[in-house]
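Listed below, chain by chain, are the residues.
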Amino acid sequence: MLLTHQKFNDATLKEVKNSSELFDATLYAFMNGGTVAGAKGEDVKLEPVSDAVALAALNNADTRWIDYKAALSVLLSKAAINSNDVEIAGEALSNVLRIARQDNLPLLTLMNDFTVALERVATSKANRLRIIQTVGISLAILNFLFILFHFIRQLRESDAVLEEARSETVEILNNVNEGLFLIDADYEISSQYSKELESILCQSDLAGKSFKTVLQNMVSEKDTKTSLDFVALLFNPDVRESLIGDLNPLDQIKVSLAGENGIPVTRFLSFSFARAESNGVISYALVTVTDVTEKVLLAQELDEAKNNTDKQINMLASLLHASPNHLKSFIERVFETCSTINDTLKKPKKPGDEMRTKLDDIFIEIHKFKGDASSLQLEGFSDRAHEFEEKVQSLRQKKQLSGNDFLSLTVNLEELLEYTEKVKDLVDKMAQFAGDTAARAIPQSDLCEPLKEFVHAMAQRHGKEAYLTCGSLVELPENYDWARELRPILIQLLRNSVIHGIETPEKRQELGKPLIGRIDIQVATLPNDQLEVVVQDDGAGFDYEALRTSVVASGKWPERDPENWTRQQLILTVFKPDISTAKELSKDAGRGIGLPAVLDWVEKYGSLRVSSREGRFTRFTMTLKRPNKIALVA
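Residues numbered from 1 in each chain as written. Predicted model: local features only at pLDDT ≥ 70, side-chain atom pairs only at ≥ 80, totals over all residues. Heavy atoms only, no water.

A separate point is the packing of helix H14 (residues 486-501) against helix H18 (residues 594-605). Their axes nearest at 9 Å, the elements H14 and H18 cross at an angle of 145°. The chirality of how H14 crosses H18 is left-handed. The segment H14 lies against H18, with Leu 486, Ile 489, Gln 492, Leu 493 and Asn 496 engaging Gly 594, Leu 595, Ala 597, Val 598 and Trp 601. A breakdown of the residues in the contact of H14 with H18 according to their chemical character gives 7 nonpolar, 3 polar and no charged. (Axes fitted to C-alpha atoms, helices over the stretch in contact; angles between N-to-C directions. Helix = DSSP H or I, 4+ residues; strand = E, 2+ residues; numbered from the N terminus. Left-handed = near helix turned anticlockwise from the far one by under 90°. Contact = heavy atoms within 4.5 Å. Nonpolar A, V, L, I, M, F, W, Y, C, P; charged D, E, K, R; others polar.)

With respect to burial, strand E9 (residues 466-470) is a largely interior element, 4 of its 5 residues being buried. Pairing geometry for E9 and strand E11 (residues 517-526), over 5 bridges, is parallel. Across the sheet, the residue bridging to Tyr 467 is Arg 518, located in E11. (Buried < 20%, exposed > 50% of the residue type's maximum accessible area, 1.4 Å probe, protein only. Pairing = 2+ DSSP bridges.)

Within the protein, residue pLDDT values average 77, and 78% of them lie at 70 or more. When pLDDT is averaged over each element of the protein, helix H15 (residues 505-510) comes out on top at 93 and strand E8 (residues 441-442) at the bottom at 50. Considering only residues more than four positions removed or in separate chains, one finds that residues 1-6, a stretch of pLDDT under 50, has 18 contacts. Scored below 50 in pLDDT, residues 627-634 makes 25 contacts in the model with residues more than four places away or belonging to other chains. (pLDDT = per-residue confidence, 0-100.)

Counting residues in hydrophobic clusters, the biggest one holds 46 residues, and the most contacted among them are Leu 468, Leu 494, Ile 519, Phe 575, Trp 601, Phe 620 and Met 622. Ranked by residues supplied to this core, first place goes to H14 with 8 residues. The residues touching Phe 620, leaving out its near neighbours within four places in the chain, are Leu 493, Asn 496, Val 533, Val 534, Val 535, Phe 542, Phe 575, Leu 595, Leu 608, Arg 609 and Val 610. Leu 376, Phe 388, Leu 409 and Leu 416 belong to the second largest nonpolar core, which has 32 residues in total. (Core = buried A, V, L, I, M, F, W, Y, C linked by side-chain atoms within 4.5 Å.)

Turning to the sheet that holds strand E14 (residues 617-624), a few remarks are in order. In space, the 5 strands of this open sheet follow the order E9-E11-E12-E14-E13, with mixed pairing throughout. Each of the sheet's edge strands pairs with one partner strand only, and the pair in question is E9 and strand E13 (606-613). Across the sheet, the mean angle separating the axes of adjacent strands is 15° when strand polarity is ignored. Where E11 and strand E12 (residues 530-537) come together, 8 bridges link them in antiparallel fashion. Residue pairing in the sheet places Ile 519 in a bridge with Asp 537 of E12. Taken strand by strand, H14 contacts E9, E11, E12 and E14, and its axis lies near 20° from that of E12. Docked against the sheet, H18 engages E13 and E14, running at close to 30° with respect to E14.

Attention now moves to the pattern of salt bridges. Evaluation of the coordinates by the stated rule reveals 12 salt bridges. One salt bridge connects Asp 51 with Arg 120, and the closest N-O pair in it is separated by 3.0 Å. Here Asp 51 is found in the loop between strand E2 (43-46) and helix H2 (52-82), whereas its partner Arg 120 is found in helix H3 (residues 90-175), with 69 residues between them in sequence. Judged by its relative accessible area of 45%, Arg 120 is partly exposed. Across the pair Asp 291 and Arg 267 runs a salt bridge whose closest N-O atoms are separated by 3.9 Å. Note that Asp 291 is positioned in strand E7 (residues 281-291) and Arg 267 in strand E6 (residues 264-278), a separation of 24 residues in sequence. Residues joined in a network through salt bridges with shared partners are Glu 503, Arg 508, Lys 513 and Asp 538. (Salt bridge = Lys/Arg side-chain N within 4 Å of Asp/Glu carboxyl O.)

This brings us to the packing of aromatic side chains. Under the criterion given, the structure shown has 8 aromatic pairs. Ring plane angle 85° and centroid distance 6.2 Å describe the contact between Phe 369 and Phe 381, whose orientation is recorded as edge-to-face. In this pair, Phe 369 sits in helix H10 (residues 353-375) while Phe 381 sits in helix H11 (residues 379-396), placing the two residues 12 residues apart along the sequence. The burial state of Phe 369 is the same as that of Phe 381; both residues are buried. An aromatic cluster of three or more residues is present, and its members are Phe 181, Phe 211, Phe 230, Phe 271 and Phe 273. Sitting above the plane of the Phe 406 ring, Lys 358 keeps its charged end 4.6 Å from the centroid. For Arg 384, the ring lying beneath its charged end belongs to Tyr 419, and the centroid distance is 3.8 Å. (Phe/Tyr/Trp six-rings, centres within 6.5 Å; stacked < 30°, edge-to-face > 60°. Lys NZ or Arg CZ within 6 Å of the ring centre and 35° of its normal.)

Looking now at the sheet that holds E7. Strand order in the open sheet formed by 5 strands is E4-E3-E7-E6-E5, and the pairing between neighbours is antiparallel. The open sheet has two free edges, formed respectively by strand E4 (189-193) and strand E5 (253-258), since each of these has just one partner strand. Taking the axes of each pair of neighbouring strands and ignoring which way they run, one obtains an average angle of 40° across the sheet. Where strand E3 (residues 179-183) and E7 come together, 5 bridges link them in antiparallel fashion. In the sheet register, Ile 183 faces E7, and the bridge partner there is Ala 285. Packed onto the sheet, helix H6 (residues 221-234) meets E3, E5, E6 and E7 and runs at close to 15° relative to E6.

Here it is in structure tokens:
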């Protein structure tokens, strides 16, 4: 019976072809040797079969396979020519099926005989191999025991050497005066470290601890992170050790340690790091810790002593240009000022306007003192006074005041007193070399010369040029109660003349005036044991419009309409606190407190008269007598 018009798909044809080729290649490899594909597709190398029974089965199978393979070849070739979409001749397929029915069972029997023969050969070889393996293992055990005997003997000898080395290492670690330990790349401390390390770090059982934890117990989180980042660089083979030595953040660091009974103690420790390499690999970092507290404290003491010496030298240099009489009198005024401020601070703490008045009183005193120090060019005093004044001014600007606000002022006052004591000691020593130079009167030169230098320096600071003349200035006897207080008052008036009166050289040239401004001080005796003190400048006079603007901005007289005030009314306001026409705040002006301080002082001893002509001059005339209420005439 012929099968015609049958169709096969590609998968069927491919499977038949692959199976045929695999059987043929495997049969050939067993007979002649070769490589075939394994169950998982891998290459398997086969040796030619030498057993007679197995070889006979293969030869018989090969004889039957020849016709079978030829029929399959014809079938596959026709399918390739006609493709799987064309009907295949039934004769080729029928021939393959006939041979398959005829040879499949005999071929299967022959392959089974072949397998049995191979198993018999494999079993024989396995037995021989097992005997060989047993003999080999026995010989290997004997050799191992021999080697082990020698190894144990050498190990004992090495242990003895290592024990001796370990003992020496322990001896070194127990007696070294520094903290030594190793840390790995994970910051873990090694099991061996010097005994002194626990004493230096005030920590015990450090083996296995994290170096990070140890640092966190001593320094800030920021310093800990920086230190660990540095250690990480040590384990980076791309970074040269010599280049990162200066980056060590623990070279000399202040630490807080838990001392006896848990009481914190402060020490200074110095950590140094070095790489420990093995076969070119960085395995550990060697850390050395030294307690440098005594060294640091000694250095600090030396620095402090040097600074104190430098301060004393600078202090002495600032005093040399002033006469002993000036200094002695000035120091007395400093103590009086400090006493006055201290008495003011000790006044009962009352809320509201009383507390603000208390602050204003302190402000006036320190402002006068700053001017006194500036006139003598005593920068140490004037700088401290300026800081004090800044502190008071910041409190004056607060909307609400409390008693605690005044506590900070006591610090400034204490610093000023301490500095004054040091200056007094130096002045006393200077006086011992100069002899007793105390005078019962204030000579003209002692009063005038420092004021001249003060006017010149202040004008220079503000881009102006001015000089001071002291006309018929008489000697001021010390028995006048106010004589020692006159200098600060003159300084306030001179400040007013330089800042508000004297014009710049360019402006004076436009006005046809001498480029250098002039300020005069005149002191004359009057009947009835009185003195007349006059301070006059040839400047611009009062700037009434600027003064009116300042008055309006202050908001102190909203009900009186300052826009319509006369010049005399405006002049009177310059003696009120916080009224100033200075364009900017400086060390010399802008507080609006100088002239009010003058008025407060004059009220105790006499009267004050003010006159001014625009573009020509400003004159302050003080008539000093026994304390009484003054009549202020503008």
